[in-house]
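Structural overview
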Amino acid sequence: MSDAIDSSKIIDGKAVSPKVEAEVSKTVAALKEKGIFPKLVTVLVGEDPASQMYVRMKHKACERVGILAEDCILPATMTESELLDKIRELNADQTVSSILVQLPLPKHISSQTVMNMIDPKKDADGFHPFNMGNLLINEEGLVPCTPKGIIRLLEEYKVDVQGKNAVVVGHSNVVGKPMAAMLLNRNATVSVCHIFTKDLKSYTTAADILVVGVGVKHLIKEDMVKPGVVIFDVGINQDSTGTHGDVDFANVVKKAALITPVPGGVGPMTIAILMTHVVKCAELIAQRK
Ligand code: GUN
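Residues numbered from 1 in each chain as written. Predicted model: local features only at pLDDT ≥ 70, side-chain atom pairs only at ≥ 80, totals over all residues. Heavy atoms only, no water.

- Under an unreviewed UniProt entry, the name given to the protein chain is Bifunctional protein FolD, and the organism recorded is Methanolapillus millepedarum.
- In UniProt, the protein chain has this text filed under Pathway (unreviewed entry): "One-carbon metabolism; tetrahydrofolate interconversion." (UniProt positions renumbered as here; feature names shortened; annotations may be inferred.)

Digging into the UniProt feature "domain: Tetrahydrofolate dehydrogenase/cyclohydrolase catalytic" (unreviewed entry) in the protein chain
- As annotated in UniProt, the feature "domain: Tetrahydrofolate dehydrogenase/cyclohydrolase catalytic" (unreviewed entry) corresponds to residues 11-125 in the numbering used here.
- Its end C-alpha atoms 23 Å apart, residues 11-125 is made of 50% helix and 16% strand. (Helix = DSSP H or I, 4+ residues; strand = E, 2+ residues; numbered from the N terminus.)

Structural notes on the site of the ligand
- Inspection of the region around the ligand gives Lys58, Leu100, Val101, Gln102, Leu103, Asp125 and Phe127 as its neighbouring residues.
- With respect to the ligand, the side chain of glutamine 102 contributes an N or O atom lying 3.2 Å from a nitrogen atom.
- Summarising the interface, the protein chains cover 79% of the accessible area of the ligand, which totals 280 Å² for the free molecule.
- Looking at the shell around the ligand residue by residue, the classes come out as 4 nonpolar, 1 polar and 2 charged. (Near = heavy atom within 4 Å. Polar contact = N/O pair within 3.5 Å; in protein donor to acceptor, adjacent residues only side chain to side chain. Areas by Shrake-Rupley, 256 points an atom, 1.4 Å probe, with all protein chains shown as cover. Nonpolar A, V, L, I, M, F, W, Y, C, P; charged D, E, K, R; others polar.)

Description of the pairing of strand E5 (residues 189-193)
- With 5 bridges joining them, strand E4 (residues 165-169) and E5 adopt parallel strand pairing. By the bridge assignment, asparagine 165 is partnered in E5 with threonine 189. (Pairing = 2+ DSSP bridges.)

Describing the sheet that holds E4
- Read from one edge to the other, the open sheet built from 5 strands follows the order E5-E4-E6-E7-E10, with strand pairing classed as parallel. Taken across any chain shown, the strands that pair with only one partner, and hence form the sheet edges, are E5 and strand E10 (256-259). With strand direction ignored, the average angle separating the axes of adjacent strands in the sheet is 15 degrees.
- Contacts from helix H7 (residues 176-185) reach E4, E5 and strand E6 (209-212), with the element oriented near 170 degrees to E4. (Axes fitted to C-alpha atoms, helices over the stretch in contact; angles between N-to-C directions. Contact = heavy atoms within 4.5 Å.)

What follows is the structure, given as structure tokens:
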């Protein structure tokens, strides 16, 4: 028997993200006709190589879709108060439609304090409590990009969410909590687990839809899922052998109906969705004028 992976099982974010970007390009062109020029300012504090790479990827995506991109690189030694002043300045700048502060921030700066300072209408990441609160009451506007990317993939692959058992492993503000809220808003029955959950397997084996993002290499094995499950792996774990997901892909793919690979599954969608949000911000800011 061949070990080749059945490609019909793969949820291919790398293939879907250009489609999203093409939609954004069209909207950007239409906005420019109306004199609206979407612009993203990405703030990077310090020199973390992974963050530098993400900022470059966001900048390039902006260029592909016609969004103006500016990177604001600041020293790791700056104070929280100085960073808050910078955010105030960007909030007041009429030419800036979106502000993104790359995380993580240096330990002496509270990321929540910084997120709270960003004008909610310029919050392309959807991390401001105003936007998070709206998500919880099923008024989805600007929402975190990774879970929104997963929702778009569910739609693309025509996976009906209503009435399904969805299990989210991870309860971060960036992925787990907003993911759970988005699935609940679409009438799934949602369980939220995390690394402290006792007997994780008893939850994951009940999942029709499983989203995993805790940063533990190959946490999910074949015996932890049921046949026909749809799996989204948000884990990115680097070691000397390469990049690995939180799901043991080779081991689990046999039982899954659909599954995202790492890399190339969920990752490319995050930035494509970010581009849709920059456009949304530009529209919100234009309405204010
Ligand atoms: N660091 C890792 N992922 C993200 C993200 O989606 N947004 C921001 N601002 N920082 C991140």
